[in-house]
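Working through the structure, step by step
If you want the building blocks of each chain, they are given just below.
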Amino acid sequence: MLDISRVITYMHRHAGGCLGRVCWRFVGRDVEASKILRWEFGRADILVVGCARGCGKSAFTIALSGALAESGEAESMLITDSIGDLRASKGAWKLAEEISKRERYRLVKSSSNDHMVSGYLRDSVRGFVYDIVKAAEGSELEGRLFIFIDSVYFYVKKVVESYRLWLDGMDDAFLHNRLKEGTAKIVIMTSGDSKATWSIVPHMAIFVRDAMMWNLPRRDFEALVDALELKDHPDLLWSLTGGNPEALIAIWDRGLREWIEFEISRLGNMLMESIRRDGEDEMWREVEELLSLPEFPPKELSDRMRDAGMLAKIEKYDRLTEIPEEQWVGKHYAFPIPAHYHILKIMTRKRSTDIEPEEVIREAMG
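So, a few notes on the structure that sits alongside this text. (Residues numbered from 1 in each chain as written. Predicted model: local features only at pLDDT ≥ 70, side-chain atom pairs only at ≥ 80, totals over all residues. Heavy atoms only, no water.)

Considerations on the sheet that holds strand 3 (residues 46-51)
Stated formally: For two strands to be treated as a pair, DSSP must find at least two bridges joining them. Helix and strand assignments follow DSSP, with helices taken as H or I runs no shorter than four residues and strands as E runs no shorter than two, numbered in order from the N terminus. Interaxial angle, 0 to 180 degrees, is taken between N-to-C directions of lines fitted to C-alpha atoms, where a helix line uses only the stretch in contact. Only heavy atoms enter the contact rule, under which two residues are in contact if any of them lie within 4.5 Å.
Reading across the sheet, the 8 strands line up as 6-7-5-4-8-9-3-10 and stay open at both edges, with mixed pairing between neighbours. Of all strands in the sheet, those bounded by a partner on one side alone are strand 6 (107-112) and strand 10 (208-213). When the angles between neighbouring strand axes are averaged without regard to direction, this sheet yields 20°. Inspection of the sheet shows strand 4 (residues 75-80) paired to strand 8 (residues 145-153) by 6 bridges, in the parallel sense. In the strand pairing of strand 8, S76 is matched with F146. Running over the sheet, helix 4 (residues 90-103) touches strand 4, strand 5 (85-89), strand 6, strand 7 (116-121) and strand 8 and is turned about 125° from strand 5.

If you want it as C-alpha coordinates, here you go:
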(Lines give C-alpha, C1' and ligand atoms only; values in the text may rest on other atoms or scores of the structure.)
Protein backbone atom coordinates (compact mmCIF):
# COMPACT_ATOMS: atom_id res chain seq x y z
CA MET A 1 0.00 0.00 0.00
CA LEU A 2 1.24 3.47 -0.90
CA ASP A 3 2.72 5.61 1.84
CA ILE A 4 0.96 8.79 0.74
CA SER A 5 2.62 11.11 3.25
CA ARG A 6 6.04 9.94 2.02
CA VAL A 7 5.13 10.66 -1.62
CA ILE A 8 3.84 14.14 -0.69
CA THR A 9 7.05 14.87 1.21
CA TYR A 10 9.05 14.08 -1.93
CA MET A 11 6.60 16.11 -4.04
CA HIS A 12 7.43 19.24 -2.06
CA ARG A 13 11.15 18.77 -2.68
CA HIS A 14 10.57 19.52 -6.35
CA ALA A 15 11.01 22.91 -7.94
CA GLY A 16 7.66 24.60 -8.54
CA GLY A 17 9.10 26.65 -11.37
CA CYS A 18 11.97 28.84 -12.51
CA LEU A 19 12.36 32.24 -14.13
CA GLY A 20 15.91 32.99 -15.18
CA ARG A 21 18.14 31.97 -12.29
CA VAL A 22 15.39 32.19 -9.69
CA CYS A 23 13.58 28.97 -8.73
CA TRP A 24 11.00 28.19 -6.05
CA ARG A 25 9.81 25.04 -4.34
CA PHE A 26 6.58 23.32 -5.30
CA VAL A 27 3.84 24.20 -2.80
CA GLY A 28 0.37 22.87 -2.03
CA ARG A 29 -1.73 20.25 -3.86
CA ASP A 30 -1.61 17.79 -0.94
CA VAL A 31 -5.37 17.19 -1.23
CA GLU A 32 -5.24 16.61 -4.99
CA ALA A 33 -2.26 14.27 -4.67
CA SER A 34 -3.95 12.31 -1.88
CA LYS A 35 -7.15 11.82 -3.89
CA ILE A 36 -5.19 10.54 -6.88
CA LEU A 37 -2.91 8.29 -4.83
CA ARG A 38 -5.87 6.83 -2.92
CA TRP A 39 -7.72 6.66 -6.24
CA GLU A 40 -11.10 7.83 -4.97
CA PHE A 41 -12.85 7.31 -8.30
CA GLY A 42 -14.72 4.02 -8.04
CA ARG A 43 -13.90 1.38 -10.64
CA ALA A 44 -12.31 3.92 -12.97
CA ASP A 45 -8.85 3.22 -14.32
CA ILE A 46 -8.73 6.50 -16.25
CA LEU A 47 -9.31 9.96 -14.75
CA VAL A 48 -9.71 12.96 -17.07
CA VAL A 49 -8.94 16.17 -15.18
CA GLY A 50 -10.19 19.55 -16.38
CA CYS A 51 -8.04 22.43 -15.19
CA ALA A 52 -8.56 26.17 -15.62
CA ARG A 53 -5.77 27.68 -17.65
CA GLY A 54 -2.75 28.54 -15.52
CA CYS A 55 -3.89 26.54 -12.49
CA GLY A 56 -0.55 24.71 -12.30
CA LYS A 57 -1.45 21.30 -13.73
CA SER A 58 1.92 20.74 -15.43
CA ALA A 59 3.95 21.66 -12.33
CA PHE A 60 1.70 19.33 -10.31
CA THR A 61 2.08 16.35 -12.64
CA ILE A 62 5.85 16.80 -12.88
CA ALA A 63 6.20 17.00 -9.09
CA LEU A 64 3.82 14.10 -8.35
CA SER A 65 5.17 11.73 -11.00
CA GLY A 66 8.72 12.50 -9.91
CA ALA A 67 7.82 11.99 -6.24
CA LEU A 68 6.37 8.54 -6.97
CA ALA A 69 9.63 7.48 -8.60
CA GLU A 70 11.96 9.08 -6.06
CA SER A 71 10.08 7.74 -3.04
CA GLY A 72 10.04 4.23 -4.52
CA GLU A 73 6.35 3.94 -3.65
CA ALA A 74 5.21 3.31 -7.26
CA GLU A 75 6.32 3.39 -10.88
CA SER A 76 5.35 6.45 -12.91
CA MET A 77 5.32 7.72 -16.45
CA LEU A 78 4.64 11.29 -17.61
CA ILE A 79 3.95 12.01 -21.28
CA THR A 80 3.48 15.54 -22.60
CA ASP A 81 0.87 14.94 -25.28
CA SER A 82 1.44 18.11 -27.29
CA ILE A 83 5.17 17.52 -27.90
CA GLY A 84 5.80 13.86 -27.07
CA ASP A 85 8.19 14.38 -24.13
CA LEU A 86 8.35 11.32 -21.88
CA ARG A 87 9.74 10.97 -18.34
CA ALA A 88 9.53 7.66 -16.52
CA SER A 89 10.82 5.83 -13.49
CA LYS A 90 13.46 3.22 -14.22
CA GLY A 91 11.04 0.28 -14.23
CA ALA A 92 8.47 2.05 -16.38
CA TRP A 93 11.15 3.15 -18.85
CA LYS A 94 12.41 -0.41 -19.18
CA LEU A 95 8.87 -1.53 -20.04
CA ALA A 96 8.55 1.34 -22.53
CA GLU A 97 11.75 0.25 -24.27
CA GLU A 98 10.52 -3.35 -24.51
CA ILE A 99 7.22 -2.19 -26.01
CA SER A 100 8.98 0.14 -28.44
CA LYS A 101 11.16 -2.65 -29.78
CA ARG A 102 8.26 -5.08 -30.12
CA GLU A 103 5.68 -2.64 -31.56
CA ARG A 104 8.20 -0.43 -33.42
CA TYR A 105 7.52 2.82 -31.56
CA ARG A 106 10.17 5.47 -32.02
CA LEU A 107 11.34 6.10 -28.45
CA VAL A 108 14.52 8.14 -27.98
CA LYS A 109 16.36 8.38 -24.65
CA SER A 110 17.84 11.80 -23.90
CA SER A 111 19.00 11.76 -20.25
CA SER A 112 18.67 9.97 -16.92
CA ASN A 113 19.35 10.36 -13.21
CA ASP A 114 19.08 8.08 -10.19
CA HIS A 115 15.30 7.82 -10.42
CA MET A 116 13.97 9.06 -13.77
CA VAL A 117 14.75 8.65 -17.47
CA SER A 118 13.80 11.31 -20.02
CA GLY A 119 13.23 11.01 -23.73
CA TYR A 120 10.91 11.57 -26.66
CA LEU A 121 8.07 9.53 -28.13
CA ARG A 122 7.76 10.12 -31.88
CA ASP A 123 4.50 8.19 -32.33
CA SER A 124 0.91 8.12 -31.12
CA VAL A 125 0.66 8.69 -27.38
CA ARG A 126 -2.70 6.92 -27.17
CA GLY A 127 -1.63 3.71 -28.91
CA PHE A 128 1.57 3.66 -26.85
CA VAL A 129 -0.34 3.98 -23.56
CA TYR A 130 -2.68 1.13 -24.52
CA ASP A 131 0.30 -1.13 -25.22
CA ILE A 132 2.02 -0.09 -21.96
CA VAL A 133 -1.04 -1.01 -19.90
CA LYS A 134 -1.36 -4.32 -21.73
CA ALA A 135 2.31 -5.14 -21.19
CA ALA A 136 2.13 -4.22 -17.49
CA GLU A 137 -0.29 -7.11 -16.89
CA GLY A 138 1.55 -9.89 -15.13
CA SER A 139 4.73 -7.82 -14.79
CA GLU A 140 6.25 -6.41 -11.60
CA LEU A 141 4.58 -3.10 -12.52
CA GLU A 142 1.03 -4.48 -12.33
CA GLY A 143 -1.01 -2.43 -9.86
CA ARG A 144 1.94 -0.10 -9.21
CA LEU A 145 1.99 2.02 -12.35
CA PHE A 146 0.67 5.60 -12.65
CA ILE A 147 0.59 7.08 -16.16
CA PHE A 148 0.15 10.85 -16.49
CA ILE A 149 -0.71 12.41 -19.85
CA ASP A 150 -0.27 16.19 -19.67
CA SER A 151 -0.98 19.12 -21.99
CA VAL A 152 -4.01 17.70 -23.76
CA TYR A 153 -5.61 20.69 -25.49
CA PHE A 154 -9.21 20.63 -26.67
CA TYR A 155 -9.22 23.67 -28.94
CA VAL A 156 -9.04 21.54 -32.08
CA LYS A 157 -12.11 19.47 -33.00
CA LYS A 158 -9.95 16.65 -34.37
CA VAL A 159 -8.17 16.25 -31.02
CA VAL A 160 -11.48 16.10 -29.13
CA GLU A 161 -12.87 13.45 -31.46
CA SER A 162 -9.73 11.30 -31.40
CA TYR A 163 -9.55 11.33 -27.59
CA ARG A 164 -13.26 10.54 -27.25
CA LEU A 165 -12.87 7.53 -29.56
CA TRP A 166 -9.74 6.36 -27.75
CA LEU A 167 -11.35 6.62 -24.30
CA ASP A 168 -14.40 4.79 -25.57
CA GLY A 169 -12.10 2.04 -26.85
CA MET A 170 -10.17 1.92 -23.56
CA ASP A 171 -13.40 1.65 -21.57
CA ASP A 172 -14.53 -1.18 -23.86
CA ALA A 173 -11.16 -2.93 -23.49
CA PHE A 174 -11.44 -2.91 -19.68
CA LEU A 175 -15.08 -4.01 -19.88
CA HIS A 176 -14.31 -7.00 -22.09
CA ASN A 177 -11.01 -7.90 -20.38
CA ARG A 178 -8.74 -7.03 -23.29
CA LEU A 179 -7.10 -4.85 -20.64
CA LYS A 180 -7.02 -6.04 -17.04
CA GLU A 181 -8.81 -3.78 -14.59
CA GLY A 182 -6.49 -2.26 -11.98
CA THR A 183 -3.27 -2.91 -13.89
CA ALA A 184 -2.44 0.80 -14.16
CA LYS A 185 -3.98 4.16 -13.29
CA ILE A 186 -4.09 6.77 -16.05
CA VAL A 187 -4.49 10.49 -15.28
CA ILE A 188 -5.13 12.78 -18.26
CA MET A 189 -4.53 16.47 -17.48
CA THR A 190 -6.47 18.71 -19.86
CA SER A 191 -6.27 22.43 -20.42
CA GLY A 192 -9.86 23.55 -20.17
CA ASP A 193 -12.85 23.65 -17.87
CA SER A 194 -15.34 20.96 -16.94
CA LYS A 195 -17.33 21.41 -20.16
CA ALA A 196 -14.23 20.62 -22.22
CA THR A 197 -13.56 17.55 -20.09
CA TRP A 198 -17.12 16.28 -20.42
CA SER A 199 -16.81 16.52 -24.19
CA ILE A 200 -14.34 13.63 -24.38
CA VAL A 201 -15.57 11.32 -21.61
CA PRO A 202 -17.83 8.70 -23.21
CA HIS A 203 -21.42 8.71 -22.04
CA MET A 204 -22.11 5.80 -19.63
CA ALA A 205 -18.39 4.99 -19.34
CA ILE A 206 -17.57 2.62 -16.48
CA PHE A 207 -13.79 2.82 -16.32
CA VAL A 208 -13.39 6.49 -17.29
CA ARG A 209 -14.25 9.31 -14.87
CA ASP A 210 -13.79 13.07 -14.96
CA ALA A 211 -12.88 15.58 -12.26
CA MET A 212 -12.15 19.28 -11.87
CA MET A 213 -8.92 20.86 -10.64
CA TRP A 214 -8.91 24.53 -9.69
CA ASN A 215 -6.49 27.26 -8.65
CA LEU A 216 -4.56 26.99 -5.39
CA PRO A 217 -6.68 27.23 -2.22
CA ARG A 218 -6.02 30.34 -0.10
CA ARG A 219 -3.55 28.67 2.28
CA ASP A 220 -1.45 27.15 -0.53
CA PHE A 221 -1.66 30.42 -2.46
CA GLU A 222 -0.19 32.32 0.49
CA ALA A 223 2.64 29.78 0.66
CA LEU A 224 3.43 30.51 -3.00
CA VAL A 225 3.31 34.28 -2.31
CA ASP A 226 5.88 33.73 0.45
CA ALA A 227 8.03 31.53 -1.81
CA LEU A 228 8.07 34.24 -4.48
CA GLU A 229 8.75 36.92 -1.84
CA LEU A 230 6.08 39.19 -3.29
CA LYS A 231 5.77 42.45 -1.40
CA ASP A 232 2.21 43.31 -2.43
CA HIS A 233 -0.58 42.73 0.06
CA PRO A 234 -1.69 39.06 -0.04
CA ASP A 235 -5.38 40.07 0.17
CA LEU A 236 -4.96 42.17 -2.96
CA LEU A 237 -3.10 39.41 -4.80
CA TRP A 238 -5.78 36.90 -3.86
CA SER A 239 -8.54 39.22 -5.08
CA LEU A 240 -6.72 39.73 -8.39
CA THR A 241 -5.49 36.17 -9.09
CA GLY A 242 -7.86 33.93 -7.11
CA GLY A 243 -4.91 31.64 -6.43
CA ASN A 244 -4.03 31.15 -10.10
CA PRO A 245 -0.28 30.32 -10.05
CA GLU A 246 0.38 31.46 -13.62
CA ALA A 247 -1.17 34.88 -12.93
CA LEU A 248 0.76 35.25 -9.67
CA ILE A 249 4.06 34.37 -11.34
CA ALA A 250 3.30 36.84 -14.15
CA ILE A 251 2.82 39.57 -11.53
CA TRP A 252 6.13 38.59 -9.93
CA ASP A 253 7.84 38.68 -13.34
CA ARG A 254 6.30 41.83 -14.89
CA GLY A 255 5.19 43.87 -11.91
CA LEU A 256 1.64 44.38 -10.69
CA ARG A 257 0.74 47.48 -12.70
CA GLU A 258 2.15 46.14 -15.97
CA TRP A 259 0.29 42.85 -15.54
CA ILE A 260 -3.02 44.63 -14.92
CA GLU A 261 -2.46 46.86 -17.97
CA PHE A 262 -1.93 43.77 -20.10
CA GLU A 263 -5.16 42.14 -18.87
CA ILE A 264 -7.10 45.39 -19.40
CA SER A 265 -5.84 45.43 -22.98
CA ARG A 266 -6.83 41.79 -23.57
CA LEU A 267 -10.37 42.35 -22.36
CA GLY A 268 -10.66 45.73 -24.07
CA ASN A 269 -9.77 44.24 -27.44
CA MET A 270 -12.31 41.45 -26.95
CA LEU A 271 -15.09 43.91 -26.08
CA MET A 272 -14.27 46.19 -29.01
CA GLU A 273 -14.73 43.22 -31.36
CA SER A 274 -18.11 42.58 -29.75
CA ILE A 275 -19.10 46.23 -30.19
CA ARG A 276 -18.22 46.10 -33.88
CA ARG A 277 -20.28 42.94 -34.27
CA ASP A 278 -23.32 43.55 -32.03
CA GLY A 279 -23.35 47.27 -31.29
CA GLU A 280 -22.40 49.01 -28.05
CA ASP A 281 -25.71 48.77 -26.18
CA GLU A 282 -26.10 45.06 -26.84
CA MET A 283 -22.49 44.35 -25.87
CA TRP A 284 -22.79 46.11 -22.48
CA ARG A 285 -26.06 44.30 -21.83
CA GLU A 286 -24.30 40.98 -22.44
CA VAL A 287 -21.41 41.92 -20.12
CA GLU A 288 -23.82 42.90 -17.35
CA GLU A 289 -25.56 39.56 -17.72
CA LEU A 290 -22.25 37.70 -17.74
CA LEU A 291 -21.18 39.38 -14.47
CA SER A 292 -24.20 37.90 -12.72
CA LEU A 293 -22.75 34.45 -13.53
CA PRO A 294 -26.07 32.91 -14.65
CA GLU A 295 -26.50 29.28 -15.59
CA PHE A 296 -26.61 30.21 -19.28
CA PRO A 297 -24.57 33.37 -19.93
CA PRO A 298 -24.57 35.11 -23.35
CA LYS A 299 -23.25 32.37 -25.60
CA GLU A 300 -20.98 34.21 -28.02
CA LEU A 301 -19.26 36.30 -25.37
CA SER A 302 -18.93 33.50 -22.80
CA ASP A 303 -17.59 31.07 -25.43
CA ARG A 304 -14.91 33.53 -26.48
CA MET A 305 -13.94 34.18 -22.87
CA ARG A 306 -13.79 30.44 -22.16
CA ASP A 307 -11.55 29.93 -25.20
CA ALA A 308 -9.29 32.68 -23.84
CA GLY A 309 -9.17 31.10 -20.37
CA MET A 310 -11.07 34.01 -18.80
CA LEU A 311 -14.19 32.08 -17.84
CA ALA A 312 -14.68 28.45 -16.77
CA LYS A 313 -17.67 26.19 -16.37
CA ILE A 314 -17.43 24.64 -12.89
CA GLU A 315 -20.65 22.68 -12.49
CA LYS A 316 -19.12 19.37 -11.50
CA TYR A 317 -19.74 16.23 -9.45
CA ASP A 318 -16.11 15.31 -8.74
CA ARG A 319 -13.59 17.96 -7.73
CA LEU A 320 -9.95 17.47 -6.93
CA THR A 321 -9.88 21.02 -5.55
CA GLU A 322 -12.54 22.80 -3.53
CA ILE A 323 -13.52 26.04 -5.25
CA PRO A 324 -13.71 29.04 -2.87
CA GLU A 325 -16.86 31.01 -2.20
CA GLU A 326 -16.03 34.40 -3.67
CA GLN A 327 -17.90 37.04 -5.64
CA TRP A 328 -16.23 35.94 -8.88
CA VAL A 329 -17.44 32.33 -8.42
CA GLY A 330 -20.98 31.40 -9.38
CA LYS A 331 -22.84 28.11 -9.18
CA HIS A 332 -22.18 27.19 -12.80
CA TYR A 333 -19.37 29.52 -13.96
CA ALA A 334 -16.38 31.27 -12.43
CA PHE A 335 -13.62 33.67 -13.41
CA PRO A 336 -10.34 31.70 -13.00
CA ILE A 337 -8.50 35.03 -12.76
CA PRO A 338 -10.80 37.43 -10.84
CA ALA A 339 -8.95 40.49 -12.17
CA HIS A 340 -11.04 39.95 -15.32
CA TYR A 341 -14.20 40.11 -13.22
CA HIS A 342 -13.11 43.39 -11.60
CA ILE A 343 -12.02 44.88 -14.92
CA LEU A 344 -15.38 44.08 -16.52
CA LYS A 345 -17.25 45.60 -13.57
CA ILE A 346 -15.38 48.88 -13.94
CA MET A 347 -15.72 48.96 -17.73
CA THR A 348 -19.45 48.28 -17.49
CA ARG A 349 -19.94 50.97 -14.85
CA LYS A 350 -18.05 53.51 -16.98
CA ARG A 351 -19.36 52.18 -20.31
CA SER A 352 -15.78 52.40 -21.51
CA THR A 353 -12.77 50.13 -22.05
CA ASP A 354 -10.48 53.03 -21.15
CA ILE A 355 -9.62 52.32 -17.51
CA GLU A 356 -6.46 52.44 -15.38
CA PRO A 357 -4.74 49.77 -13.25
CA GLU A 358 -5.30 51.86 -10.12
CA GLU A 359 -9.07 51.58 -10.65
CA VAL A 360 -8.76 47.79 -10.79
CA ILE A 361 -6.72 47.72 -7.58
CA ARG A 362 -9.30 49.84 -5.77
CA GLU A 363 -12.13 47.64 -7.07
CA ALA A 364 -10.33 44.48 -5.97
CA MET A 365 -9.61 45.83 -2.50
CA GLY A 366 -13.16 47.12 -2.12
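Looking at the nonpolar core
Filter applied, for reference: Put simply, buried Ala, Val, Leu, Ile, Met, Phe, Trp, Tyr and Cys residues joined by side-chain atoms within 4.5 Å make one nonpolar core. Residue burial is assigned from relative accessible area. The probe radius is 1.4 Å, only protein chains are included, and a residue is buried under 20% of its type maximum, exposed over 50%, and partly exposed in between.
L240, W259, M305, F335 and L344 are the most contacted members of the largest nonpolar core, which has 57 residues in total. Per-element accounting of this core gives the leading share, 8 residues, to helix 11 (residues 256-278). Residues within four places of L344 in sequence aside, it is in contact with L267, L271, V287, L290, L291, M305 and F335.

Considerations on unusual backbone geometry
One non-glycine residue with positive phi stands out, namely S151, at about 60°. Considering the arrangement of structural elements, one finds S151 in strand 8. The phi torsion at L293 lies on the positive side, around 50°, for a residue other than glycine.

Some points on helix 14 (residues 339-350)
Stated formally: In this analysis, the expected span of each helix is defined as 1.5 Å times one less than the number of residues it contains.
For helix 14, which comprises 12 residues, the first-to-last C-alpha distance of 17 Å matches the rise-based estimate of 16 Å (1.5 Å per residue) to within 8%. Burial analysis of helix 14 places 9 of its 12 residues in the buried class, which makes it a mostly covered element. The complete set of buried residues in helix 14 reads A339, H340, Y341, H342, I343, L344, I346, M347 and T348. In this structure, the buried side of helix 14 is in contact with helix 9 (234-241), helix 11, helix 12 (280-291), helix 13 (299-307) and helix 15 (357-365).

Some words on the pattern of salt bridges
Selection criterion: Salt bridge, as applied in this entry: a Lys or Arg side-chain nitrogen positioned within 4 Å of an Asp or Glu carboxyl oxygen.
In this structure the tally under the stated criterion is 28 salt bridges. The salt bridge partner of R29 is E32, with a shortest N-O separation of 2.8 Å. Accessibility classification places R29 together with E32 in one group, the buried group. For the salt bridge of R306 with D303, the shortest nitrogen-to-oxygen distance reads 4.0 Å.

Quick look at the state of the cysteines
Linking two cysteines covalently through their sulfur atoms gives a disulfide. The condition is simple: Two cysteine sulfur atoms make up a disulfide if the distance between them is within 2.5 Å.
Evaluated as defined, the whole model comprises 1 disulfide. A sulfur-sulfur separation of 1.5 Å characterises the disulfide bridge that pairs C51 with C55. Between C51 and C55, the S-S dihedral sits near -65°, and the bridge is therefore left-handed. Comparing C51 with C55 shows no difference in burial state: the two are buried.

Some points on the pairing of strand 9 (residues 184-191)
Of all 8 residues in strand 9, 8 are buried, a share of seventy percent or more. Neither face of strand 9 is left uncovered, since the one carrying A184, I186, I188 and T190 and the one carrying K185, V187, M189 and S191 both have all their residues buried. Sheet analysis places strand 3 next to strand 9, joined by 6 bridges and oriented parallel. Directly across from V49, in strand 9, lies its bridge partner M189. As defined by bridge partners, strand 8 adjoins strand 9 across 7 bridges and the pair is classed as parallel. Bridge pairing in strand 9 links I149 to I188.

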